[in-house]
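Here's the letter readout for the chains.
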Amino acid sequence: MADPGGGAVYNGTPHNQSAADCHGGNCWKNGVVKESQQNGNSNFYRPIVESFEEAPLHVMVFTYLGYGIGTLFGYLRDFLRNSGIEKCNAAVEREEQKDFVPLYQNFENFYIRNIYMRIRDNWNRPICSAPGAVFDVMERVTDDYNWTFRFTGRIIKDVINMGSYNFLGLAAKYDESMRTVKEVIETYGLGVGSTRQEMGTLDKHKELEDLVAKFLNVEAAMVFGMGFATNSMNIPALVGKGCLILSDELNHASLVLGARLSGATIRIFKHNNVQSLEKLLRDAVIYGQPRTRRAWRKILILVEGIYSMEGSIVHLPDIVALKKKYKAYLYMDEAHSIGSVGPTGRGVVEFFGLDPRDIDVYMGTFTKSFGAAGGYIAGRKDLVDYLRTHSHSAAYGTSMSPPVAEQIIRVMKLIMGLDGTTEGLQRVQQLAKNTRYFRQRLSKMGFIVYGNEESPVVPLLLYMPAKVAAFARHLLNRKIGVVVVGFPATPLAEARARFCVSAAHTQEMLDTVLEALDEMGDLLNLKYSRNRKSARPELYDEMSFELED
Amino acid sequence: MATVAEQWVLVEMVQALYEAPAYHLILEGILILWIIRLLFSKTYKLQERSDLTLKEKEELIEEWQPEPLVPPVSKDHPALNYNIVSGPPSHNIVVNGKECINFASFNFLGLLDNPRLKAAALASLKKYGVGTCGPRGFYGTFDVHLDLEDRLAKFMKTEEAIIYSYGFATIASAIPAYSKRGDIVFVDKAACFAIQKGLQASRSDIKVFNHNDMDDLERLLKEQEIEDQKNPRKARVTRRFIIVEGLYMNTGTVCPLPELIDDIDLISANMENSLASIGGFCCGRSFVIDHQRLSGQGYCFSASLPPLLAAAAIEALNIMEENPGIFAVLKEKCKRIHKALQGIPGLKVVGESISPALHLQLEETTGCRERDVKLLQEIVTQCMDRGIALTQARYLEKEEKYLPPPSIRVVVTVEQTEEDLEKAASTISEVAQTVLL
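Note that this is a predicted model, so its numbers are computed, not measured.

(A) Highlighting the overall build of chain A. Secondary structure summary: chain A contains 17 helices and 17 strands in total. Evaluated residue by residue, chain A yields a buried proportion of 63% over its 549 residues. Within chain A, contacts between residues at least 6 apart in sequence are counted, and of these 70% link residues at least 24 apart. Accessible area of chain A: about 21500 Å², with a carbon and sulfur share of 54%.

So, in structure tokens, the structure goes:
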């Protein structure tokens, strides 16, 4: 049974019982890992079910082989280009600067020139409509193997959008519900021309901040013009030299940049791995700073709500228990999870049924579920007051544009039900339903899908670079737009396609996509999963029986 | 056969022992004893980590008290209570309930409430909605963005342009995309905070030269040349960059470009001031700009600019191209206000006569920055009571490398009339007299 360890803990314990042992051991590697329910907490109602199945060996071999062949050909082509046998299509330095030190190192561009260039038509695809459930993609062709593109002028209409972060389906072209945004453009204009601390705080910003605080059930909130900048400009304001940052392995570039700019010491713990985090915390508190052995001024844990490349949801109850025991502060980036998980769309805190006061710093963006732009930081009033005076963005960055703020206000009121309808709640529930359906069907078909079964971000593993390209191109021909990601956003051998389920997707759209994926899977031989699971596997999974004693 | 051979070897060995000199034997003996001792002694670790018992560790964990997450902020911190603007921040602005003439927002060309921009944004809203729901690489590239980049490249007469969704992030992402650890950057002392953050993110060597002082820059360059000659191999892989601002926000001066260089590789600019939109852009030759599409952090890892803001920026460019006379008008107004603000007792004007963003600093500082800030705030508040909206230039005092002295920011826009300028000058003059004397 669980051993509470030191001190009273609100939710669960730092060490799960026997399920914890399997994290380092064999059962993590293959198949589904189940964590049993937390003890002593009646709020927590469902287990965390996530899977990160490993690919069969031959797949990894072929993947590396593919990269190897690509590299060899890359060297060959580079040689041909340098010796003038082949025409070089890339832009070159100016004549006068040829004897300067080269601007780009040859090696860092090798991958871009030789591997990325072959398949780069799958990225930066321009669209010409709102990024809703269906959108219009501009057709572009290349005459010289992706070095340059030209637009044919044709538009591929009604492509099913599985790539945009449109979780609640609110990114759509104008309709009457956006009337207030139109009015705000007409009265307020677009730009602000000043920073928050000077002349850039409009009454709209104050209204928005009060609403965000109410939405998240915290004391106060502050909004910023750009989500990326929210992280990179506020983490340095919170921690500095002599502080410790414990950051998840797979944190977003903005969190990493913010941590680096702060000047604090950074230590990385394994992705979503509570044991790894606990070990780091213990070492930090007991042994203090390296060499001087002074105590750390403070410890900040950086996690995300949903990790966008893995589709995993943070193991929040465990981390909150840890942070209470070791008196660390928790900074949670809910860029993907705000508005998209939780029974009423309030994010992972609601998803796990925790007390909102447990998280010290809430951070999120408005780009994904709210169909706008910008970010926020929320929490206690003294935190927000401090950020109003010391945040880099408040002093030097322009404030959010008024119509964008109005869009967020309108959407938040919709989700909270303040506009008098239940449309917001319906959308959140529709998203949850779509997510479960999509994920279950994909696993049943036999694809390797990463992440938590409730997460609307669905990564489907492709592994081989050539399949990545074939997958995206074939699907575009069938009028389905998908996002594929490879190195360096993911590990070299784990290229994947990432679907974003939306509440705006109807059953027919999802079925069309699933059918196409089924055929793709057979055509490209992508069904690597060795567990052809049924719809409800957890209770009958053989592994969990062995661990129960 | 084998045993005979062994015995023979043994005999040889014993003989050798007898024949060896004494010191040799003693030395060998000592060595053998030493080896035996080492083999049997206990191993030890460099750091006595196993020293603490579990109980002691738990005690340490119990005892440790971190600092509070944020230090308390006093209620009258100068930057805590924001000015709240009701309605648009245009020429006639309502600040904290008072109607004033706006001398604080960077609305140089008066485009913030231009109806054409609003119409363009509305058209875009109708077609695209508000957000783009994705970064540029993942279906976040709209035809509006491509149009805007084309137009900007043409306007600035360069090959290519790249847009960012936030002005601060533009230069802060561009610098680390090119300059890495080990490279050398020569930067002006009065560079703005965004440049400082970009430099910090790049981890390069930074060499600062005095503001607008070309001789100082030359001195640094010569020093670097000498360094290079000492270590030519390192010099061959170290890139060198010079970063200057066109019009320095902190001092209102223009950099002496002709003395500096014949041709510029990268121009980075902000669409949040004259273009009355949001965001920023970089332009230059394709060879240089294209690199940022994969390595500019604020470009790759952030959602793209909302299309309605991009459409507004395009319309602003249209307006700028249609009446180029507007720039001469702005220049005239700048010169006029610069002249009108001279001679205010107690305040000096910092900035060139053609700069639309000026600073008014105290002629004689009281010696303490806090008191200076209080005095200037008093002037600003009284000016606002009389209908002139001004603001102090805000800095993060602990974060800036070369903190500029406290000042009042004065912004000139084309919408300000003669009377406005006169009124502003006289109001500031009166208030300054009452406060500072």
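Next comes the rest of the account.
(B) Structural view of the interface of chain B and chain A. Residue-level contacts link 109 residues of chain B with 114 residues of chain A. Where chain B abuts chain A, roughly 9800 Å² becomes buried across the two surfaces, and 65% of that area is made up of carbon and sulfur atoms. Looking only at chain B, the three residues that lose the most surface to chain A are B:W64, B:L69 and B:Y139, adding up to 10% of its buried area. Counting across the interface, chain B meets chain A through three salt bridges. One salt bridge connects A:E198 with B:R409, and the closest N-O pair in it is separated by 2.9 Å. Seen at the junction of chain B and chain A, the total is 34 residue pairs in polar contact (both at pLDDT 80 or more).

(C) Main features of the UniProt feature "domain: Aminotransferase class I/classII large" (unreviewed entry) in chain A. UniProt records the feature "domain: Aminotransferase class I/classII large" (unreviewed entry) at residues 157-517 of chain A, using the numbering of this structure. Segment residues 157-517 of chain A splits into 42% helix and 17% strand. End C-alpha atoms: 20 Å apart.

(D) Examining the domain arrangement of chain A more closely. Residue and element names in this part refer to chain A. The domain architecture assigned to chain A consists of domain 1 (55-161 + 423-529) and domain 2 (176-416). Spacing between the C-alpha centres of domain 1 and domain 2 amounts to 29 Å. Taken residue by residue, the interface counts 20 residues in domain 1 and 18 residues in domain 2. Interface area, domain 1 with domain 2, both sides summed: about 1400 Å², of which 65% is carbon and sulfur. Here domain 1 and domain 2 share one salt bridge between them.

(E) Representation of the sheet that holds strand β8 (residues 265-269) of chain A. Residue and element names in this part refer to chain A. With mixed pairing, the seven strands of this open sheet are ordered in space as β6-β12-β11-β10-β9-β7-β8. Every interior strand has two partners, whereas the edge strands, β6 (220-224) and β8, have only one. Here the strands of the sheet are splayed against their neighbours by 20 degrees on average, with no regard to which way each runs. Relative to β8, strand β7 (residues 244-248) runs parallel, the two being bridged by five bridges.

(F) View of the confidence of the model for chain B. On average, residues of chain B score 89 in pLDDT, and 97% of them are at 70 or above. The ipTM for the predicted assembly is 0.86, set against a pTM of 0.87.

(G) Local environment of the UniProt feature "domain: Aminotransferase class I/classII large" (unreviewed entry) in chain B. Residue and element names in this part refer to chain B. Following the UniProt record, one finds the feature "domain: Aminotransferase class I/classII large" (unreviewed entry) at residues 99-261 and 275-428. Taken end to end, residues 99-261 is 47% helix and 15% strand, and its first and last C-alpha atoms sit 46 Å apart. Secondary structure across residues 275-428 divides into 47% helix and 16% strand, with the first and last C-alpha atoms of the span separated by 28 Å.

(H) Up close: the side chain of B:R293. Residues and elements named next belong to chain B. Checked against the element boundaries, R293 lands in helix α12 (residues 292-295). Polar contacts involving the side chain of R293 include one to the side chain of E160, which spans 3.0 Å. Reaching out from R293, the side chain makes a polar contact with the side chain of Y299 at a distance of 2.9 Å.

(I) Spotlight on the pairing of strand β11 (residues 357-362) of chain B. Residues and elements named next belong to chain B. Within β11, six of the six residues are buried, which leaves the element mostly enclosed by the surrounding structure. Residues of β11 alternate between two faces, with A357, H359 and Q361 on one and L358, L360 and L362 on the opposite face, all of them buried. Judged from the four bridges that link them, strand β10 (residues 347-350) and β11 form a sheet pairing that is antiparallel. Bridged to K348 within β11 is Q361. In sequence, β10 turns back onto β11 through a hairpin of six residues, with G351 there showing a positive phi of about 140 degrees. Looking at chain direction, β11 and strand β14 (residues 407-411) are connected through five bridges and run antiparallel. Within β14, the position partnered with A357 by the bridge is V411.

(J) Region of the structure containing the sheet that holds strand β12 (residues 388-389) of chain B. Residue and element names in this part refer to chain B. Taken in spatial order, the three strands of this open sheet run β1-β2-β12, and their pairing is mixed. Only two strands of the sheet have a single neighbouring strand rather than two, namely β1 (92-95) and β12. Of the pairings in the sheet, the one linking strand β2 (residues 98-102) to β12 comprises two bridges and is parallel in character. Bridge pairing in β12 links N102 to A389.

(K) Molecular detail of the pairing of strand β9 (residues 299-304) of chain A. Residue and element names in this part refer to chain A. Of all six residues in β9, six are buried; the element is thus mostly enclosed. Of the two faces of β9, both are covered, the one formed by I299, I301 and V303 as well as the one formed by L300, L302 and E304. Where β7 and β9 come together, four bridges link them in parallel fashion. Each residue of the ladder has a partner; that of I245, found in β9, is L300. Strand direction decides the pairing type here: β9 and strand β10 (residues 329-333), joined by five bridges, are parallel. Of the residues in β10, the one forming a bridge with V303 is M332. The parallel pair β9 and β10, bridged by helix α9 (residues 316-326), forms a crossover whose chirality is right-handed.

(L) Main features of the state of the cysteines. Residues and elements named next belong to chain B. In total, this model carries zero disulfides over all chains according to the counting rule given. Not engaged in a disulfide, the cysteine C282 finds its nearest cysteine sulfur in C283; these two sulfurs lie 7.5 Å apart. The buried category is assigned to C282, whose relative accessible area is 0%.

(M) Representation of helix α13 (residues 402-416) of chain A within the structure. Residue and element names in this part refer to chain A. Between its first and last C-alpha atoms α13 spans 21 Å; for 15 residues at 1.5 Å apiece the expected length is 21 Å, and the two agree. Taking burial as the measure, the 15 residues of α13 include 14 buried ones, the bulk of the element. G417, located one to two residues past α13, shows a positive phi value of around 85 degrees.

(N) Spatial organisation of the UniProt feature "transmembrane region" (unreviewed entry) in chain B. As recorded in UniProt, the feature "transmembrane region" (unreviewed entry) lies at residues 20-40 and 161-179 of chain B. Taken end to end, residues 20-40 of chain B has its terminal C-alpha atoms 29 Å apart, with 90% of it in helix and 0% in strand.

What counts and how
- Residues numbered from 1 in each chain as written.
- Chains lettered and ligands numbered in written order.
- Predicted model: local features only at pLDDT ≥ 70, side-chain atom pairs only at ≥ 80, totals over all residues.
- Heavy atoms only, no water.
- Helix = DSSP H or I, 4+ residues; strand = E, 2+ residues; numbered from the N terminus.
- Buried < 20%, exposed > 50% of the residue type's maximum accessible area, 1.4 Å probe, protein only.
- Contact = heavy atoms within 4.5 Å.
- Areas by Shrake-Rupley, 256 points an atom, 1.4 Å probe, with all protein chains shown as cover.
- Buried area = accessible area lost by both parts, 1.4 Å probe.
- Salt bridge = Lys/Arg side-chain N within 4 Å of Asp/Glu carboxyl O.
- Polar contact = N/O pair within 3.5 Å; in protein donor to acceptor, adjacent residues only side chain to side chain.
- UniProt positions renumbered as here; feature names shortened; annotations may be inferred.
- Domains from an automatic or database assignment.
- Pairing = 2+ DSSP bridges.
- Axes fitted to C-alpha atoms, helices over the stretch in contact; angles between N-to-C directions.
- pLDDT = per-residue confidence, 0-100.
- Right-handed = clockwise from strand over helix to strand, strands pointing away.
- Disulfide = S-S within 2.5 Å.
- Expected span 1.5 Å × (residues − 1).

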